[in-house]
Amino acid sequence: MEVLPKDAPSKEFDSDGYQVIDGSVLEGGGQILRNAAALSCILGIPIRVKNIRAGRDKPGLRPQHLSGLSLIANLCGGRLENGSVGSCEITLKPGPIGAGQFIADTKTAGSICLLMQAAVPCLLFSPGPCTLVLKGGTNCDMAPQIDYTTLIFKPIAERFGMHFDVDIKRRGYYPKGGGEVEVKSQPVKYLVGVSDSLTQRGELVLINSRSFVAGNLPAHLSNKVSQSISRSLKQNFPKVELKQQSLKEPDGAAIGSGLGTIIVAETSTGCLFGGSALGKPRSPAEETGEAAAREIIEALHSGGCVDQYLQDQLILLMTLAKGTTKLLCGPLTLHTKTAIHVARLMTKAEFTVENLEQNKFLITCEGIGHLNTHLTEA
């Protein structure tokens, strides 16, 4: 079975010269919007995205997606048209990326981390330091938790030359949201390809977990989550050091009530893997720990150097980087295939995917080496 089509997808432009992106292909959701908008902003490509979330129960833009698109437009002084909830087609005409402070508020429990996925890469190519003030949900279902972004994505992204700092001012949980995160970034001349460290797995040396409750939930529930994680991981990795933190968020440090956990596993070569889960109403706390443990165990048994959630988040960095990046991973996710599709559609980045053995793949990307023209003379 062909893992990746040999030929890049054919480009289509409308009568105004906007590149047309079909938002219904592959993952068919918000990721196409985020990646296409980020590349539009960074590369100065006007885009028309049609069939937005066409196959979803509620097609078109949701408040979360609209917040992200509006933020991207603000970053580059761009013009966003048809930007309203429910819209199934938008156009974005980008301008030059600015610097300074930018604010985005989902006004819901929409994921702050998904806003960051699209916006932070854009800031790398700004003329100066930037601050993002993002409001919404910090720990949400169907999105990375803020802890995943800071503990796993951030240190791996730094290998590409991407540097940003995250200050969690306040956590926000479903359904109220109300969290606030401040992100500070510095521009770079260019990102660099990572050719070795993402292909060498090493030995598992340490597992950390952070289990929390917030709001009106009793503190002892976080201990129950930690205990269930410990039982599962000790069975599977009896010789690996396990460090655990169980806590209740201080009053005022979070909006709403929540229960959840993040597990981070580290190898001797610096590979990082995550597993996470959030509590569900009327479900035992132990189930949250068991779900996160299953996720980390599956990630560690995949044989790759990244987990299923980091795979697709690195594709944009690989695309923009100067030089070659090699990424060893387990089964390719639909999100990863979608990210590669958008990258090939909008850039000249060259991707190959090699099936090394059953459910183990090597993604190689020759990036476009995009330069920050503001810094090239520095």
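Check the entry above for the structure.
Reference entry: report on the structure contained in this document.

A few words now on the packing of aromatic side chains. Inspection of the entire model under this criterion finds 2 aromatic pairs. Ring centres 6.3 Å apart and planes at 40 degrees place the aromatic pair phenylalanine 153 and phenylalanine 164 in the tilted group. With phenylalanine 153 in helix H4 (residues 146-157) and phenylalanine 164 in strand E7 (residues 164-172), the pair connects residues that are 11 residues apart, well separated along the chain. The two residues phenylalanine 153 and phenylalanine 164 agree in class, both being buried. Ring geometry for tyrosine 173 against phenylalanine 212: centres 5.6 Å apart, planes inclined by 20 degrees, an arrangement best described as stacked. Placement of the pair is tyrosine 173 in the loop between E7 and strand E8 (179-185) and phenylalanine 212 in strand E9 (residues 204-214), with a sequence separation of 39 residues. Judged by its relative accessible area of 2%, tyrosine 173 falls in the buried class. Since its relative accessible area comes to 0%, phenylalanine 212 is described here as buried. Seen from the ring of phenylalanine 164, lysine 154 lies directly overhead, with NZ or CZ sitting 5.9 Å from the centre. Across from the ring centre of tyrosine 190, 4.6 Å away, lies the NZ or CZ of lysine 322, which sits over that ring.

Moving on, we come to the nonpolar core. Counting 83 residues, the largest nonpolar core has Leu132 and Leu314 as its most contacted members. With 9 residues, the single largest contributor to this core is helix H3 (residues 112-123). With residues near it in sequence (within four places) discarded, leucine 132 still touches Leu71, Leu75, Phe102, Ala119, Val120, Leu123, Val181, Glu182 and Val183. Formed by 25 residues, the second largest nonpolar core is a distinct cluster that contains Val213, Ile229, Ile263 and Cys271.

Scoring rules and cut-offs
Residues numbered from 1 in each chain as written. Predicted model: local features only at pLDDT ≥ 70, side-chain atom pairs only at ≥ 80, totals over all residues. Heavy atoms only, no water. Phe/Tyr/Trp six-rings, centres within 6.5 Å; stacked < 30°, edge-to-face > 60°. Helix = DSSP H or I, 4+ residues; strand = E, 2+ residues; numbered from the N terminus. Buried < 20%, exposed > 50% of the residue type's maximum accessible area, 1.4 Å probe, protein only. Lys NZ or Arg CZ within 6 Å of the ring centre and 35° of its normal. Core = buried A, V, L, I, M, F, W, Y, C linked by side-chain atoms within 4.5 Å. Contact = heavy atoms within 4.5 Å.

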